[in-house]
Amino acid sequence: MLIDSHAHLDSERYADDRGAMLGRAFEAGVGAVLAIGIGEQAAGMDGALAVCREFNGLAGVPRLYASAGIYPHNTHEADDAVLAKLDSLLAEPEVIACGEIGLDYYHEGVSREVQREGLIKQLEIAAARKRPILIHCRGTNESTDAWDDLFEILADHWRPSGLGGVMHCFGGGWEQARRSLELGFLVSFAGNLTYPKAQGLREVAARLPLDGVLVETDAPWLAPAPDRGKRNEPAWVLRTALVLAELLRVDGEEIASATTKNFSKLFRLGVDVGN
Ligand SMILES: [Zn+2]
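Novice: Mind showing me how you'd approach the side chain of Ser67 here?
Specialist: Within the fold, Ser67 resides in strand E3 (residues 63-68). For Ser67, the side chain forms a polar contact with the main-chain nitrogen of Gly37, separated by 3.0 Å. Polar contacts involving the side chain of Ser67 include one to the main-chain carbonyl oxygen of Gly99, which spans 2.9 Å.

Here it is, written out as structure tokens:
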């Protein structure tokens, strides 16, 4: 059994075939999916929980979990009402994580200062609700600017919680991976690990311990090779998992059991996660 640790199941792009898409994931051996609740705007961060509640309990689909959070470029919307909504969502049993939250200096938009403030406020809410966090971090081109700011914020505002989290769709270098592990985070790889030009990322992945990694799709984005550019879906997480397995010199079953165990441990789900 595999777990897709990050998929935007509430995306409009699944409006016509969401049930069938989840059925294909189940058939492909995906036992659980963490649905990411960020919406198009912060007001839509309950979308993942709604998908969870629609499908959990039905036969032939993966077990679904949800997150809720304010995406870096939506942090200008983080007023008291939105933060109160986040707090109440994180109290729901299905909402096991706060995210994806973090810093994105790559895209133009919300200022760095507003992103940092929004992140810190969410870290406080997540810590009080005892929910691990899902981090999105992207710097300007080759720079580590966003990572440097991120680690500084996490050291002050997150490390004391002891809750850890996930570095989602990891795209940093070895130094960032090492510091993530040291902070108690799991490093999660998406379909870009399979792209021909991602040799540097594969070299980083190959140095990670088996108990420090996860796999994800980030669906509907980042479809793995050879479907790059198409709509992605959780069934395809297997391809990324097999590339990671080869890098870590284990077989498909070992990468599946290790990533499932890592996910269950981080989110304190017990051994019966999924089926
Ligand atoms: Zn995402």
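Now that the structure has been shown, we can carry on.
Novice: How should the coordination of the zinc ion be read in this particular structure?
Specialist: Four donors placed tetrahedrally about a metal ideally form angles of 109.5 degrees, and six donors placed octahedrally ideally form angles of 90 or 180 degrees. The zinc ion binds to the protein through His6 (NE2), His8 (NE2), Glu100 (OE) and Asp218 (OD), with metal-donor distances spanning 2.0 to 2.3 Å. One can describe the site at the zinc ion as irregular: its 4 donor atoms subtend angles covering 84 to 172° at the metal. Here the donor residues of the zinc ion are spaced in sequence according to H-x1-H-x91-E-x117-D. Taken together, the positions of His8 in the loop between strand E1 (2-7) and helix H1 (18-27) and Asp218 in the loop between strand E8 (213-215) and helix H8 (237-247) put the pair 210 residues apart, joining distant regions of the chain. Each of the two residues, His8 as well as Asp218, counts as buried.

Novice: Looking at this structure, how should I read helix H6 (residues 174-182)?
Specialist: Quick reminder: α-helices carry 3.6 residues per turn. Residues three or four places apart thus point the same way. Those residues of H6 that fall on the buried side of the exposure criterion are Gln176, Ala177 and Ser180. For H6, the angular spread of the buried residues around the axis is 100°, confining them to a single face. Structurally, H6 contributes buried residues whose contacts are with helix H5 (145-157), strand E6 (165-167), strand E7 (185-189) and helix H7 (199-206). Positioned one or two residues after H6, Gly184 has a phi angle of 85°, which is positive.

Novice: Just checking my understanding: could you explain the pairing of strand E5 (residues 133-138) for this structure?
Specialist: In summary, the side chains of a regular strand alternate between the two faces of the sheet. Within E5, 5 of the 6 residues are buried, which leaves it mostly tucked inside the rest of the structure. As paired strands, strand E4 (residues 95-104) and E5 are joined by 6 bridges and run parallel to one another. In the strand pairing of E5, Ile101 is matched with Ile135. In this region the chain leaves E4, passes through helix H4 (residues 112-128) and returns to the parallel neighbour E5; the handedness of that crossover is right-handed. One ladder, built from 3 bridges, connects E5 with E6; its direction is parallel. The residue of E6 that forms the bridge with Ile135 is Met167. Where the polypeptide runs from E5 across H5 and back to E6, its parallel neighbour, the crossover connection is right-handed.

Novice: Would you mind going over the state of the cysteines with me for this structure?
Specialist: Each disulfide is one covalent bond, formed between the sulfur atoms of two cysteines. As enumerated under the stated definition, the model contains 0 disulfides in all. The thiol sulfur of Cys52 is not disulfide-bonded, and the nearest other cysteine sulfur, from Cys98, lies at 15 Å. Residue class for Cys52 comes out buried when judged on its relative accessible area of 0%. Counting only cysteine sulfurs, Cys137 is the nearest neighbor of Cys169, a cysteine outside any disulfide, at a range of 11 Å.

Novice: Could you clarify how one ought to interpret unusual backbone geometry in this entry?
Specialist: Pro220 follows Ala219 through a cis peptide bond whose omega is 10°. Structurally, Pro220 can be placed in the loop between E8 and H8. The omega torsion of the bond from Ala225 to Pro226 falls at 0°, within 30 degrees of zero and hence cis. Mapped onto the secondary structure, Pro226 falls in the loop between E8 and H8. Despite not being glycine, Asn141 has its phi angle at roughly 45°, a positive value. Relative to the assigned elements, Asn141 resides in the loop between E5 and H5. Residue Arg249 is not a glycine yet carries a positive backbone phi of 60°. You can see Arg249 is positioned in the loop between H8 and helix H9 (252-266). Residue classification places Arg249 among the exposed residues on the basis of a relative accessible area of 77%.

What counts and what doesn't
Residues numbered from 1 in each chain as written. Predicted model: local features only at pLDDT ≥ 70, side-chain atom pairs only at ≥ 80, totals over all residues. Heavy atoms only, no water. Helix = DSSP H or I, 4+ residues; strand = E, 2+ residues; numbered from the N terminus. Polar contact = N/O pair within 3.5 Å; in protein donor to acceptor, adjacent residues only side chain to side chain. Donors = N, O, S within 2.8 Å, 3.2 Å for Na, K, Ca; no water. Tetrahedral: all angles 85-135°; square planar, octahedral: opposite > 155°, others 65-115°. Buried < 20%, exposed > 50% of the residue type's maximum accessible area, 1.4 Å probe, protein only. Arc of directions from axis to C-beta. Contact = heavy atoms within 4.5 Å. Pairing = 2+ DSSP bridges. Right-handed = clockwise from strand over helix to strand, strands pointing away. Disulfide = S-S within 2.5 Å.

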